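Report on the structure
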Amino acid sequence: MSSREAYQKAVEADLDLVCVAPNAQPPVCKLLNYGKYRYEQQKKAKESKKNQHIVEIKEIQLTPQIGQHDVDTKAKAARRFLEDGNKVSVRVRYRGRQMSHAEIGEEVMNNFIAMLSDVSSVEKAPFMEGKWLNAILASKCKK
């Protein structure tokens, strides 16, 4: 029908004429209450935004000379982060002469990664960045 006829029907029904597909041939329009339509669209957008989970990167710092109990405590915190669906950045900091024995820090890093292997996968393998040995772990379980 022509746009004038459609507009007349919309006025008679006390509704709005909303163009749904303006690029179609011929353009497709609907008769509806536009205020209610916009309200429902906003409500759907708000609901979908509420159900999203934003993945954060949490950081755990270690040193080459760290004690076993401290490693266990930090592994427990990292496990909690991973179970929440976040990623964990593990960093080993070298100070002064510790750089000459980088293999000790690599061993600490590998042991830490092995402790969390049941709940995580290595997203980025250990790599050196200045005085830091970094690795990124991603969660296996999706929340």
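Preceding block: the structure.
For clarity, every value in this text was computed on a predicted model and none was experimentally measured. (Residues numbered from 1 in each chain as written. Predicted model: local features only at pLDDT ≥ 70, side-chain atom pairs only at ≥ 80, totals over all residues. Heavy atoms only, no water.)

**So, the sheet that holds strand β4 (residues 87-93)**
- Taken in spatial order, the 4 strands line up as β3-β4-β6-β5 in an open sheet, and their pairing is mixed. Two strands bound the open sheet, and with one partner strand each, they are β3 (57-62) and β5 (120-129). Averaged over all pairs of adjacent strands, the angle between their axes in this sheet comes to 20°, without regard to strand direction.
- When β3 meets β4, the two strands line up parallel, connected through 6 bridges. Within β4, the position partnered with Leu-62 by the bridge is Val-92.
- Of the strands in this sheet, β3, β4, β5 and β6 (132-139) are in contact with helix α3 (residues 68-83), which crosses β3 at around 170°.
- Those strands touched by helix α4 (residues 102-115) are β3, β4, β5 and β6, and its axis lies near 10° from that of β6. (Pairing = 2+ DSSP bridges. Helix = DSSP H or I, 4+ residues; strand = E, 2+ residues; numbered from the N terminus. Axes fitted to C-alpha atoms, helices over the stretch in contact; angles between N-to-C directions. Contact = heavy atoms within 4.5 Å.)

**Digging into the packing of aromatic side chains**
- Within the structure shown, the criterion is met by 1 aromatic pair.
- Between Tyr-34 and Tyr-37 the ring centres are 6.3 Å apart and the planes differ by 35°, which places this aromatic pair in the tilted class. Of this pair, Tyr-34 and Tyr-37 both sit in helix α2 (residues 34-50), 3 residues apart, which is roughly one turn of the helix.
- You can call Tyr-34 partly exposed: its relative accessible area is 37%.
- Over the ring of Trp-132 we find Arg-91, and its NZ or CZ is 4.0 Å from the ring centre. (Phe/Tyr/Trp six-rings, centres within 6.5 Å; stacked < 30°, edge-to-face > 60°. Buried < 20%, exposed > 50% of the residue type's maximum accessible area, 1.4 Å probe, protein only. Lys NZ or Arg CZ within 6 Å of the ring centre and 35° of its normal.)

**Things to note about the nonpolar core**
- With 23 residues, the main nonpolar core has Ile-60, Leu-62, Val-88, Val-90, Met-109, Phe-112 and Leu-116 as its most contacted residues.
- Where this core is concerned, the elements lending two or more residues are β3, α3, β4, α4 and β6.
- Looking at which element gives the most residues to this core, the answer is α3, with 6 residues.
- In this view, Leu-116 contacts Ala-75, Ala-78, Arg-79, Leu-82 and Leu-137; residues no more than four positions away in its chain are not counted. (Core = buried A, V, L, I, M, F, W, Y, C linked by side-chain atoms within 4.5 Å.)

**Things to note about the side chain of Arg-91**
- Here Arg-91 lies in strand β4.
- Classification of Arg-91 as buried rests on a relative accessible area of 17%.
- Looking at Arg-91, its side chain comes within polar contact range of the side chain of Asn-134, at 2.9 Å.
- Those residues in contact with Arg-91 that sit more than four places away from it in its chain are Glu-59, Ile-60, Gln-61, Leu-62, Trp-132, Leu-133 and Asn-134. (Polar contact = N/O pair within 3.5 Å; in protein donor to acceptor, adjacent residues only side chain to side chain.)

**Quick word on the layout of surface pockets**
- Looking at the largest pocket, its volume works out to about 180 Å³.
- The wall of the largest pocket is formed by Met-1, Ser-2, Ser-3, Ala-6, Lys-9, Leu-17, Pro-26, Pro-27, Cys-29 and Leu-31.
- Broken down by secondary-structure element, the contributors of at least two residues to the lining of the largest pocket are α1 (3-12) and β2 (28-32).
- If you tally residues by element for the lining of the largest pocket, the top one is α1, at 3 residues.
- Residues of the lining of the largest pocket, tallied by class, amount to 7 nonpolar, 2 polar and 1 charged. (1 Å grid on protein atoms, 1.4 Å probe; cavity = no way out; pocket = protein on both sides within 12 Å on 5 of 7 lines; lining within 4 Å. Points joined across faces, edges and corners; volume = space filled by probe spheres on them. Nonpolar A, V, L, I, M, F, W, Y, C, P; charged D, E, K, R; others polar.)

**A closer look at the pattern of salt bridges**
- A full pass over the atoms with the stated rule returns 5 salt bridges.
- Note that Arg-91 is salt-bridged to Glu-59, the shortest N-O span being 3.8 Å. Remark: Glu-59 occurs in strand β3 and Arg-91 occurs in strand β4; sequence separation between them is 32 residues.
- Here Lys-87 ties to Glu-123 by a salt bridge, and the two come within 3.0 Å at their closest N and O atoms. Here Lys-87 is found in strand β4, whereas its partner Glu-123 is found in strand β5, with 36 residues between them in sequence.
- Looking at Lys-87, the relative accessible area reads 25%, which means it is partly exposed. (Salt bridge = Lys/Arg side-chain N within 4 Å of Asp/Glu carboxyl O.)

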